[in-house]
2 protein chains.
Amino acid sequence: MLKILKIRFLNSPNVSLNEIKNYKLKTVLKLLDLQISIKEKGSLNINLNDFGIREGISEVIVTTISLQKIPNAAPIGIIRRNNKTFCKVFKNSHTYDNIKATKLLVANIVYDPILFVQSAFTDLDSAEFKKLPDIKIPILKNANAWILFFCEYKEKSKAMIVDLNPLNAKFITPSIRAVNRGFNAVIEATIYGTRYKVFKNKKCFDWIDYYNKIVIKCGNSKDKKAMEMLYDFLKV
Amino acid sequence: MLKILKIRFLNSPNVSLNEIKNYKLKTVLKLLDLQISIKEKGSLNINLNDFGIREGISEVIVTTISLQKIPNAAPIGIIRRNNKTFCKVFKNSHTYDNIKATKLLVANIVYDPILFVQSAFTDLDSAEFKKLPDIKIPILKNANAWILFFCEYKEKSKAMIVDLNPLNAKFITPSIRAVNRGFNAVIEATIYGTRYKVFKNKKCFDWIDYYNKIVIKCGNSKDKKAMEMLYDFLKV
């Protein structure tokens, strides 16, 4: 029976969560090779607020893994609206391929401006990832919290819309930081940087320069380093 | 002896912290009517990082009190640079008058966009303040952390530069929130709003509209409510 289900799952990447819900939870998790020690179904009642994902769009770094076990990290906006949690993942990205392959992603809540810039433009160093014994997808070493999601996706012409169903989560570091406009400006500049990479619109640089002024005025040394890296990534 | 010092302090608002440091700490705190139960001098070794105030500029809401015990709240940027912690407070503000009168302020670490907008343009409702038994200055009820500072100020033509010396601090709520561009945009829009109030430059409205688009896209219902209030405050 398990073997049949396993073959069925591996051969049907579009099997829906509703369909899976008909199976016993433990069976599904075993199929997914998650090896989560879930004692009862109640463990899936995860309040996303407690892990930093609230109403609106949460900017997180998503970690995924390929079938060849190669980890990937990319900044993604996770949308919570009308009791739904979802994200949009563009084609021609590792995140897209990995979600198709594994139907899993981890949303890492981080406040490191360098990680946002690096993961937007290049591969993170393997030392930035951390393998946990109980979940298949590596998290980011410096995550303050993480949430493992089961992904149900619908393909659109240029992207997939991914419905996110929490499977496991942890709030690691109870730290506090006041609003810093410099850090926030790095996030905005990174978005304009990724737009520049796609659309080659020189106006993006005006915006990046605008935000860089805020970083110089309000940011800390890490924010400033992140901006230097951003400018480097955008060099022709 | 105490009486003499007390009279001296009350009559010398410009007495410096260095001068005060020559007195015994308990004596000074008694003079300041702080009634903090400090067991030893080590209690003043407060690591501001632990309470959310880090390198760069931290956007906080500062609470102060007048000699007539009327509380006030205002958004202020607290600067940490080269091992100094200070802020700039403009003349013709309650914060300015209150710091002159009491030499004390509380930096409240908050993530409530409505509090940022309200405290920038009007008086907060008294229900937003909370009196703690051990400190003279009320904190904000919804603060996630607060730091009480002793203020040493130098007057400039339009403002005072206030050197901040931590006296007491508390990290109240160990919550976590992912980066939300909507919330961040409310902060930026509020800054343009306060600039508009001072300089009446209509261009500020273009910026506020720009940030409002980000709030509509990324923010939560509180961020959107805060923007509505901001537009209301700026109506002629």
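Relevant structure appears above.
Small disclaimer: the values here were computed from a predicted structure and weren't measured. (Residues numbered from 1 in each chain as written. Chains lettered and ligands numbered in written order. Predicted model: local features only at pLDDT ≥ 70, side-chain atom pairs only at ≥ 80, totals over all residues. Heavy atoms only, no water.)

Asker: Looking at this structure, I do not really get the overall build of chain A. What am I missing?
Answerer: On a plain count of helices and strands, chain A comes out with eight helices and eight strands. The burial tally for chain A puts 53% of its 236 residues in the buried class. Put simply, of all contacts in chain A between residues at least 6 apart along the chain, 67% involve residues at least 24 apart. Of the roughly 12100 Å² of accessible surface on chain A, a fraction of 52% belongs to carbon and sulfur atoms. (Helix = DSSP H or I, 4+ residues; strand = E, 2+ residues; numbered from the N terminus. Buried < 20%, exposed > 50% of the residue type's maximum accessible area, 1.4 Å probe, protein only. Contact = heavy atoms within 4.5 Å. Areas by Shrake-Rupley, 256 points an atom, 1.4 Å probe, with all protein chains shown as cover.)

Asker: Quick question: what am I supposed to make of the sheet that holds strand β7 (residues 145–155) of chain B here?
Answerer: Each strand in a sheet pairs with another by means of backbone hydrogen bonds, the pair being arranged parallel or else antiparallel. All names here are of chain B. Spatial ordering of the closed barrel is given by β1-β2-β3-β8-β7-β4, a layout of six strands whose pairing is antiparallel. Pairwise comparison of adjacent strand axes, ignoring direction, gives a mean angle of 40 degrees for this sheet. In this sheet, strand β3 (residues 84–90) lies alongside strand β2 (residues 71–81) in antiparallel orientation, the contact comprising three bridges. Paired with Arg81 across the two strands is Lys84, which belongs to β3. Lying on the sheet, helix α4 (residues 94–102) is in contact with β1 (56–65), β2, β3, β4 (104–109), β7 and β8 (159–171); it crosses β1 at an angle near 70 degrees. (Pairing = 2+ DSSP bridges. Axes fitted to C-alpha atoms, helices over the stretch in contact; angles between N-to-C directions.)

Asker: Quick question: what am I supposed to make of the packing of helix α6 (residues 181–199) of chain A against helix α6 (residues 181–199) of chain B here?
Answerer: At their nearest, the axes of α6 of chain A and α6 of chain B sit 11 Å apart, and the two run at 115 degrees to each other. With respect to α6 of chain B, the element α6 of chain A is oriented roughly perpendicular. For the element pair α6 of chain A and α6 of chain B, the recorded crossing hand is left-handed. Taken together, the residues of α6 of chain B that come into contact with α6 of chain A (itself represented by Arg181, Asn184, Ile187, Glu188 and Ile191 of chain A) are Arg181, Asn184, Ile187, Glu188 and Ile191 of chain B. (Parallel < 35°, antiparallel > 145°, perpendicular 65-115°, else oblique. Left-handed = near helix turned anticlockwise from the far one by under 90°.)

Asker: It is not clear to me how the pairing of strand β7 (residues 145–155) of chain A should be interpreted in this structure. Could you clarify?
Answerer: Regular strands show a simple pattern: their side chains alternate between the two faces of the sheet. Residue and element names in this part refer to chain A. Across the eleven residues that make up β7, a large majority, eight, are buried. Relative to β7, strand β4 (residues 104–109) is paired through six bridges, and the arrangement is antiparallel. Note that in β7 the partner of Leu104 across the bridge is Phe150. In the sheet, β7 pairs with strand β8 (residues 159–171) via eleven bridges, with the strands oriented antiparallel. Pairing of Cys151 across the sheet is with Leu164, part of β8. Hairpin connection of β7 to β8: three residues between the antiparallel strands.

Asker: Looking at this model, I keep getting lost on the relation of the copies chain A and chain B. Mind explaining?
Answerer: Two copies of one chain are present, and they are related through a rotation about an axis combined with an axial shift. The transform that puts chain A on chain B rotates by 180 degrees and translates by 0.0 Å along the axis, for an RMSD of 0.0 Å. Read as a symmetry element, the transformation amounts to a two-fold axis. Identified as the residue of chain A closest to the rotation axis by C-alpha distance is Pro174 of chain A, at 2.6 Å. Interface overlap between copies is the fraction of interface residues in one copy that are interface residues in the other; for chain A against chain B it reaches 100%, indicating a shared surface. (Least-squares fit on C-alpha atoms with pLDDT ≥ 70 in both.)

Asker: Honestly, the packing of aromatic side chains in this entry has me stumped. Any pointers?
Answerer: How two aromatic rings sit relative to each other is given by the distance of their centres and the angle of their planes. Residues and elements named next belong to chain A. This structure, assessed with the given rule, holds 19 aromatic pairs over all chains. Both rings, one in Phe121 and one in Phe233, keep their centres 5.5 Å apart while their planes meet at 20 degrees; by these two values the pair is stacked. Of this pair, Phe121 sits in helix α5 (residues 113–121) while Phe233 sits in helix α8 (residues 221–234), and the two are 112 residues apart along the sequence. Taking the relative accessible area as the measure of exposure, Phe233 reaches 24% and is therefore partly exposed. (Phe/Tyr/Trp six-rings, centres within 6.5 Å; stacked < 30°, edge-to-face > 60°.)

Asker: I would appreciate a short explanation of unusual backbone geometry in the present structure.
Answerer: Excluding glycine, residues mostly carry a negative phi; peptide bonds, for their part, are mostly trans. Residues other than glycine seldom take positive phi values, yet Asn82 of chain A does so here, at roughly 50 degrees. Here Asn82 of chain A shows up in the loop between β2 (71–81) and β3 (84–90). A positive phi is found at Asn92 of chain B, a non-glycine position, where the angle reads about 60 degrees. Mapping Asn92 of chain B onto the fold places it in the loop between β3 and α4. Take Asn92 of chain B: its relative accessible area is 81%, and that puts it in the exposed class.

Asker: Would you take a moment to explain the sheet that holds β7 of chain A for this structure?
Answerer: A barrel is described by the order of its strands in space; here six strands give the closed sequence β1-β2-β3-β8-β7-β4 (chain A), paired in antiparallel fashion. The sheet shows a mean angle of 40 degrees between the axes of neighbouring strands, taken without regard to direction.

Asker: Just to check I follow, could you spell out α6 of chain B for this structure?
Answerer: Side chains three or four residues apart in an α-helix point the same way, a direct result of the helix having 3.6 residues per turn. All names here are of chain B. Between its terminal C-alpha atoms α6 stretches 27 Å, which fits the 27 Å expected from 19 residues at 1.5 Å a residue. Burial runs high along α6: 14 of the 19 residues are buried. Here α6 starts with a cap whose side-chain oxygen sits 2.6 Å from the backbone nitrogen of Gly182, and that cap is Asn180. Immediately downstream of α6, the backbone of Lys200 shows phi near 55 degrees, a positive value. (Expected span 1.5 Å × (residues − 1). Polar contact = N/O pair within 3.5 Å; in protein donor to acceptor, adjacent residues only side chain to side chain.)

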